[in-house]
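Given next are the chains, with one letter for each unit.
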Amino acid sequence: MNSLLYRTFRLYYDGFRNMRLGRTLWAIIAIKLFIMFAILKVFFFPDFLSQHAASGEEAAFVASEVLQRAE
């Protein structure tokens, strides 16, 4: 039971269990990641493929764009 995987798990488990300030920092990190990936994506990264390719023809559109830009 003293395998490297088990000892690594226990190290992190004990470390996270005994944190006080770290919990607050992890909460801040989680909130920032949520803002970056959920909220900013909606406003700054529209679904380009659905606007420019017909339904079911997405693969052909991407292939043609790649070939045009490679030339």
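None of these values were measured; they are calculated from a predicted model.

**Thoughts on the pattern of salt bridges**
Here comes step 1: Inspection of every chain in the model, using the stated rule, returns three salt bridges.
Here comes step 2: Residue Arg10 is joined to Asp14 by a salt bridge in which the shortest nitrogen-to-oxygen separation is 3.4 Å. You can see Arg10 and its partner Asp14 sitting in helix α1 (residues 4-17), four residues apart, about one turn around the helix.
Here comes step 3: Judged by its relative accessible area of 29%, Arg10 is partly exposed.
Here comes step 4: Accessibility expressed as a relative area gives 26% for Asp14, which makes it partly exposed.
Here comes step 5: The salt bridge involving Arg17 is made with Asp14; its shortest N-O contact spans 3.0 Å.

**Comments concerning the confidence of the model for the protein chain**
Here comes step 1: Taken over all residues, the pLDDT of the protein chain has a mean of 86, while the share at 70 or more is 99%.
Here comes step 2: Helix α3 (residues 48-52) is the least confidently modelled element of the protein chain, averaging 83 in pLDDT, while helix α4 (residues 58-70) averages 90, the highest of any element.

**Some words on the environment of Ser64**
Here comes step 1: With respect to the element layout, Ser64 can be found in helix α4.
Here comes step 2: Sequence separation of Ser64 and Tyr6 is 58 residues, and the distance between their C-alpha atoms is 50 Å.

**Comments concerning the environment of Asn18**
Here comes step 1: Mapped onto the secondary structure, Asn18 falls in the loop between α1 and α2 (21-44).
Here comes step 2: Within polar-contact distance, the side chain of Asn18 engages the backbone oxygen of Asp14 at 3.1 Å.

**A few points about α2**
Here comes step 1: Between the first and last C-alpha of α2 there are 33 Å, a value that for 24 residues agrees with the 34 Å anticipated at 1.5 Å per step.
Here comes step 2: Bending of α2 peaks at approximately 30° at the position of Ile35.

Each value, and the rule that gives it
- Residues numbered from 1 in each chain as written.
- Predicted model: local features only at pLDDT ≥ 70, side-chain atom pairs only at ≥ 80, totals over all residues.
- Heavy atoms only, no water.
- Salt bridge = Lys/Arg side-chain N within 4 Å of Asp/Glu carboxyl O.
- Helix = DSSP H or I, 4+ residues; strand = E, 2+ residues; numbered from the N terminus.
- Buried < 20%, exposed > 50% of the residue type's maximum accessible area, 1.4 Å probe, protein only.
- pLDDT = per-residue confidence, 0-100.
- Polar contact = N/O pair within 3.5 Å; in protein donor to acceptor, adjacent residues only side chain to side chain.
- Expected span 1.5 Å × (residues − 1).
- Bend = angle between axes of the 7 residues up to and from the residue.

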